[in-house]
Amino acid sequence: MKPAPFEYFVPTSVEEAVELLARHGDDAKVLAGGQSLVPMMNFRLAQPAVLIDINRIVELGYIREGDSSIAIGAMTRQRVVETSPMVRDKCAILSEALANVGHQAIRNRGTMGGTLAHGDPAAEVATVLLTLGGSVTVAGPQGKRELSPEELLAGPYAAGISSDELIVEINFPILAANETHGFLEMSRRHGDFALAGVAAVLRMGEGNICERARVALCGVAPTPVRATEVENQLTGKRLDASTIQAAAELASRAVDCEDEYHASREYRTHLCQVYVRRTIQLALERWGNN
Amino acid sequence: MTTMPPASKQAGEKWVGRSVPRREDLRLLTGRGRFIDDFELPQLKHAAILRSPYAHAEIGEIDVHAALELPGVRGVLTGREVAAMSRPFAVGVSPAPKYYASAVERARFVGEPVAVVVADDRYIAEDALELIEVDYRPLPAVVDIEAAMAADAPQLHEECPNNIYSQREFVYGDMESAKKEADRVVTGRFLFPKYGSTPIETYGVIASYDPFADQYEIWSNYQGPMVGHALVAQALGIAENRLRWIIPTDIGGGFGIKTGLYPYIALMAMASKRCGVPVKWIEDRQEHLIASATGTDRLTEMEAYVKSDGTILALKDRAIDNTGGYIRAPEPGCAYRSIGNHTGAYQIRNLEREVLVVGTNKCLTAPNRGYTCQHLYFSLERMMDKVAAELDIDPAEIRLRNFIAADQFPYKTATGGLYDSGDYAAAFRLALQRFDYDNMRQWQKEARAEGRLIGIGLATVVEPSVTNIAYVGLAKSYLERRKEHPKSGSGEAIMVKMDPLGKVHVIAATNPQGQGHDTVISQVVADQLGILPDDVTVSNVLDTHQRLTSITSGSYSSRFSSAGTTAVVLATQRLKEKLFRIAGHLLDAHVESLQNDSHKIFVREQPQRSIEIRHVAGTAHWNQSGLPEDMDVGLYGVGFYNMPTSEPPTEFDQVNSSNTYGFIAEVLMVEIDPETGALQFLKWVSAHDAGTVINPLLFEGQLQGGVAHGIGGAIFEETAYDENGQILTGSFMDYLVPTSMEIPEVDMIHQETPSPLTALGSKGTGEASAMSAPAAIANAVADALRPLGIEVNELPLSPNRIWHWIKDAQSSPSQ
Amino acid sequence: MKLQGEVAFEANRETVWDALNNPEVIAKCLPGCESMEPAGEDVFEAVLKFGVGPITGQYRVTLKITDKNPPQTYVLQVDGSGKPGFVKGQGSIKLQAQDGGGAVLRYDGDLQIGGLAARIGQRMIGTISKQLTKQFFSRLVEAAESTTEDSQDSPQIPHPSSNFP
């Protein structure tokens, strides 16, 4: 299919882009990597009257290591982040999650800001952000503001951002020495949207006690969600097979989906529980190996 | 009637059997291939198709005025205009529903064409589609096979009550005695899903109507059979010589799916005529997934009458195929084309069959790779395992007990199939040995004791190739057939010519879609003439105005490697005979005393009496009166070959539905993760016997592709609809074609029992594991889930499905 | 697909019922409603233009309210078509009064989606439909609460759809 006609702008600065968004608002869509938007436009499912191509905004491509977090410019390609030795060293869960985003060819073009702005329910990057508790900086006509992951994910498809705002930076907290992590997802084929995915970061104490657990799920609700019942069940406990199993079962409380062609609601819920268990186990094994 | 020439002995088997690299690859890999979308014409315009969003709806007024006003739009063709400009397509059932190239008063599946817009480019054409207003009045839809035949089902066509397009019963052998002799009856009910082969290149048509000559020129990546040409000419109401079809050399895959192209050819021909411009239509992927062609979905109920030692005495089955909103040729082939090999590799002499072909509000069908052999073998091979389980006999053993024996070939099946050659037990034993079957069974026992769900699956099938179009006659009873002209055949035409300097050029129209025909042709000709394949040039374009073709021309049912190559041998031999006659004339020697090498012809016993081939060729071209008196001018050979085993059906409804028959044995092992229902391949041995292997490299490619398609059908692919006939799998997000990551390493082993019917002893190999893998994988999963008492009778085997089976089995009390 | 849920109101049942039957209120609650015209007894034609995520659409929707059983239940039929496809749905709305004022609304509906959205957007349809339904009802809650406030401040104005004897 061919897209419907659209007006096309190529700003070269954030200011210019924001000005265009303010002018066109609801009629405009931002083109970053295009890996989600362009297929939707070619299907004519999305028919923005205006396309604002931000690929020439060079200032938005960077990865900066800070004291407690990594700042990534919105236009940084996913593949660049995935292969960054610094990210692998300081925030390995992000590198691992990125390996599950589509295929390498898609990650060559897809951007860190783009996936968050698109807001797919099964998006891995948003799920990791939610788990780590990072933040997103957006620029709008009123200036810049920071959003927590929860604010960003107020509703499906990045409802937390308004149509005249542009994501400019994402902040991922660096994992501490006493934090372990895991990321696993189940999909029909390599690179497909997750039927269920789990990101977990556990702060561990002596004797395998979990001091703090943050567990987020993707693909099982309208947005990535925190599995708070699971987290509460793990916190303060010694992690072993039975505590993990008991906690994993509570993952069903966070599931909010319908029967679909590829997976029934029941199957997805069960998958979620299995994958929460496996991801926590993976994190625990990783902790044991260190 | 042509006799089969003996394989050349003089030049030696130098090139056939070698993995000669493909000459097609360089141009394909460097972007120099010429596919349908690469062709341009002056003033060419572009078409987009407005398609029904409803599965079943009456079509009222179509308001095109806004579309016509859009700048760049050349014209719009609506369904009612199509009905005025054409006749319904002929089809082999009676009474036949009316099937036009577009929906007329009613749409009967989502995606059915309703109108065509022709514009300066595809973008504008699609903009114009959105401006067309159609008054649809939705009707209730039906998608389920049994529901479609029920009394209260929505009726798709007034001509076909209960939505039944075709229905026949057949009896072969002595069912009564067999039933009496049987110790047991084993029953099964199987559901085979609807899916296709998704060639990487979609449909494409360029149509140009010449109003002065009242002639159409069509370019299209159609794959035959050329029956389609006759059908379109008939539908358009024109003589066949006014419909020129050109099929480019480069096509990105066919797999039977591009057989369903011809209605679109008719549609675009009419669009061109209507709008007064040449029109190009390149199907996009979404169109392909919803409205090109897939295989049928089929419901089978089968009964096997068996003795306690595992001998299958008789089969009784009822198979219902669903061809969708209409039935179009070559259907109802789905029900009849595999009749010759219906009993597979086994000595089953008694068969009772009821076949039905029905319609529902789904898209239409075509001979998807395997053309319902995958449906047949899914049922038959699952039944073999079920029989084995009920009689407590090993499933490998039960097959060995029922195989046709090596000394029984050529073997006539109960249904009229003539299996040319084979040694099934030997090939199967090779596979079992390679798989280390006994030890694997032992290992499986141990793994099971640990609670692992491990399964071993077998499938042993006969791979038919070179369709004999006579099978279509089975849709009618013998008495009805007698009133018509008989139909039979499988012809292919090749010309090999030699130029004045002695170089060889082959003119072919074998309609390749990526199989590497030109490479193979060069190997075969090289062997026949004692020259190098690189010395042979090939032009392979099917053009009804510039090539000799038969009604069966095209590349489907793996015709080329048997019928095609035999025609190449014939043509080359005839050229060679002529060369030798001229040489004999010039050397004053008897033809029988002559021999050749790559550049000269000489007297065998007196090699100094020789003449260079290029001088022989030179004589034929430059000194035509120097030729023998009774010889025609011109230096070429034509082979137009029809396999002699392609005869019409008998009065007992027996027909040799194919011509050459290969054999495949799959032995594989899977593990199911009980927590997720996910399936993993642990080991897979695949044995193939396709007679003489002409080019092992190409052969291996076919086999690997067959495995991928087989896995697709078994686990991933389905053209799925909801209960309202809305298609759910309209993109590759949801129609799951396996990627390379999902395909395991398969250990391929070969056996060659040459065919006595073809010049090289080769058989077809194009369907390969596409027809056997679904059965083998289903058997493996059934074996893995047997401890839970789970039956596996449907596909695809998605994790969701498997997990639900496991959950239901665990929650219900065991029997 | 099934759409089911419960919505809690502080406003009393009669107020909510009135809002549910008031075309102006319905028009305000329908996401992206650009216009709504009556087209018969309890039949309305609306033009909706909305975007949820990547899917933008302009739909012409016919709404029909039937089986009215005030102030408890009615059945809403929706028939819409637009570029991304068509939509056909039917749902029952049940209103129950709560002790101490307030009301609870239960909706139970079946939605048939067809066309482009169905065949490409399967995984998005559930999310989007639920989102739009949520938007509708949260706006309805707002509308009902503001009516309550209004009626507390100003004298009761007879409304055509309320049950005055």
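Source: prediction; values computed, not measured.

1. Structural notes on the interface of chain B and chain A
Working step 1: Taken residue by residue, the interface counts 33 residues in chain B and 26 residues in chain A.
Working step 2: Where chain B meets chain A, there are seven salt bridges.
Working step 3: Residue D127(B) pairs with R44(A) through a salt bridge whose shortest N-O separation is 2.8 Å.
Working step 4: For the pair chain B and chain A, the number of links is 20 residue pairs in polar contact (both at pLDDT 80 or more).
Working step 5: Secondary-structure elements contributing two or more residues to the side of chain B that touches chain A are α4 (122-129), α19 (696-716) and α21 (799-811) of chain B.
Working step 6: Of all the elements, α21(B) adds the most residues to the side of chain B that touches chain A, at five residues.
Working step 7: Class assignment for the residues of the side of chain B that touches chain A results in 15 nonpolar, seven polar and 11 charged.

2. A closer look at the domain arrangement of chain B
All names here are of chain B.
Working step 1: Split into domains, chain B comes out as domain 1 (24-33 + 491-641) and domain 2 (408-467 + 659-811).
Working step 2: With 17 residues of domain 1 at the contact, the number on the domain 2 side is 18 residues.
Working step 3: With both chains or domains summed, domain 1 and domain 2 bury close to 1300 Å², and 57% of this area falls on carbon and sulfur atoms.
Working step 4: Counting the surface domain 1 buries against domain 2, the share from its top three residues, S557, S558 and S562, is 33%.
Working step 5: At the boundary of domain 1 and domain 2, one finds zero salt bridges.
Working step 6: Counting the contacts that link domain 1 with domain 2 gives 10 residue pairs in polar contact (both at pLDDT 80 or more).
Working step 7: Listing elements by their share of the side of domain 1 that touches domain 2, those giving two or more residues are α16 (517-529) and α17 (560-587).
Working step 8: When residues of the side of domain 1 that touches domain 2 are assigned to their parent elements, the largest contribution, six residues, is made by α17.
Working step 9: Residues belonging to the side of domain 1 that touches domain 2 are distributed by class as follows: six nonpolar, 10 polar and one charged.

3. Quick word on the packing of α16(B) against α17(B)
Residue and element names in this part refer to chain B.
Working step 1: At a closest axis distance of 9 Å, the pairing of α16 and α17 adopts a crossing angle of 40°. On the basis of their axis angle, the class for α16 and α17 is oblique. Considering the relative orientation of α16 and α17, their crossing is right-handed. Residues H517, V520, I521, V524, V525, Q528 and L529 of α16 touch α17, and the partners they reach there are F560, T565, V568, V569, T572, Q573, L575 and K576.
Working step 2: Class assignment of the residues belonging to the contact of α16 with α17 gives a composition of nine nonpolar, five polar and one charged.

4. Some details on the pairing of strand β2 (residues 28-31) of chain A
Working step 1: Direction of pairing for β2(A) relative to strand β3 (residues 50-53) of chain A: parallel, over a ladder of four bridges. Counted as the bridge partner of V30(A) is I52(A) from β3(A).

5. Overview of the interface of chain A and chain C
Working step 1: Taken residue by residue, the interface counts 20 residues in chain A and 18 residues in chain C.
Working step 2: Taken together, the two surfaces of chain A and chain C that pack against each other cover about 1700 Å², and 63% of this comes from carbon and sulfur.
Working step 3: Interface area lost by chain A to chain C is led by L45(A), Y157(A) and E258(A), which between them contribute 37%.
Working step 4: Here chain A is connected to chain C by three salt bridges.
Working step 5: Two residues, R123(C) and D120(A), come together in a salt bridge whose shortest N-O distance is 2.9 Å.
Working step 6: Counting the contacts that link chain A with chain C gives four residue pairs in polar contact (both at pLDDT 80 or more).
Working step 7: Along the lines of polarity and charge, the residues of the side of chain A that touches chain C split into 11 nonpolar, two polar and seven charged.

6. What to know about helix α13 (residues 424-435) of chain B
Residue and element names in this part refer to chain B.
Working step 1: In this model, α13 (12 residues) spans 16 Å end to end at C-alpha, consistent with the 16 Å of a helix rising 1.5 Å per residue.
Working step 2: Taken residue by residue, α13 has Y424, A425, A427, F428, A431, L432 and F435 as its buried positions. The buried side chains of α13 occupy one side of the element, clustering within an arc of 165° when seen end-on.

7. Structural notes on the packing of aromatic side chains
Residue and element names in this part refer to chain B.
Working step 1: Across all of its chains, the model carries 29 aromatic pairs over all chains by this definition.
Working step 2: Centroid distance F109 to Y326: 6.3 Å. Interplanar angle 80°. Geometry classified as edge-to-face. Taken together, the positions of F109 in the loop between β4 (106-107) and β5 (113-119) and Y326 in the loop between β14 (312-322) and α10 (333-336) put the pair 217 residues apart, joining distant regions of the chain.
Working step 3: A residue is classified by how much of its surface remains accessible, and F109, at 3% relative accessible area, is buried.
Working step 4: Relative to F378, the ring of F192 lies with its centre 5.5 Å away and its plane at 65°, an arrangement referred to as edge-to-face.

8. A closer look at unusual backbone geometry
Working step 1: Of the consecutive residues G224(B) and P225(B), the connecting peptide bond is found in the cis state with omega at -5°.
Working step 2: For R44(A), which is not a glycine, the phi torsion comes out positive at approximately 65°.
Working step 3: Looking at where R44(A) falls in the secondary structure, it is placed in the loop between α2 (37-42) and β3.
Working step 4: Of note in this structure, F255(B) is not a glycine but carries a positive phi near 55°.
Working step 5: Along the polypeptide, F255(B) turns up in the loop between β11 (243-247) and α8 (262-275).

Conventions adopted
Residues numbered from 1 in each chain as written. Chains lettered and ligands numbered in written order. Predicted model: local features only at pLDDT ≥ 70, side-chain atom pairs only at ≥ 80, totals over all residues. Heavy atoms only, no water. Contact = heavy atoms within 4.5 Å. Salt bridge = Lys/Arg side-chain N within 4 Å of Asp/Glu carboxyl O. Polar contact = N/O pair within 3.5 Å; in protein donor to acceptor, adjacent residues only side chain to side chain. Helix = DSSP H or I, 4+ residues; strand = E, 2+ residues; numbered from the N terminus. Nonpolar A, V, L, I, M, F, W, Y, C, P; charged D, E, K, R; others polar. Domains from an automatic or database assignment. Buried area = accessible area lost by both parts, 1.4 Å probe. Axes fitted to C-alpha atoms, helices over the stretch in contact; angles between N-to-C directions. Parallel < 35°, antiparallel > 145°, perpendicular 65-115°, else oblique. Left-handed = near helix turned anticlockwise from the far one by under 90°. Pairing = 2+ DSSP bridges. Expected span 1.5 Å × (residues − 1). Buried < 20%, exposed > 50% of the residue type's maximum accessible area, 1.4 Å probe, protein only. Arc of directions from axis to C-beta. Phe/Tyr/Trp six-rings, centres within 6.5 Å; stacked < 30°, edge-to-face > 60°.

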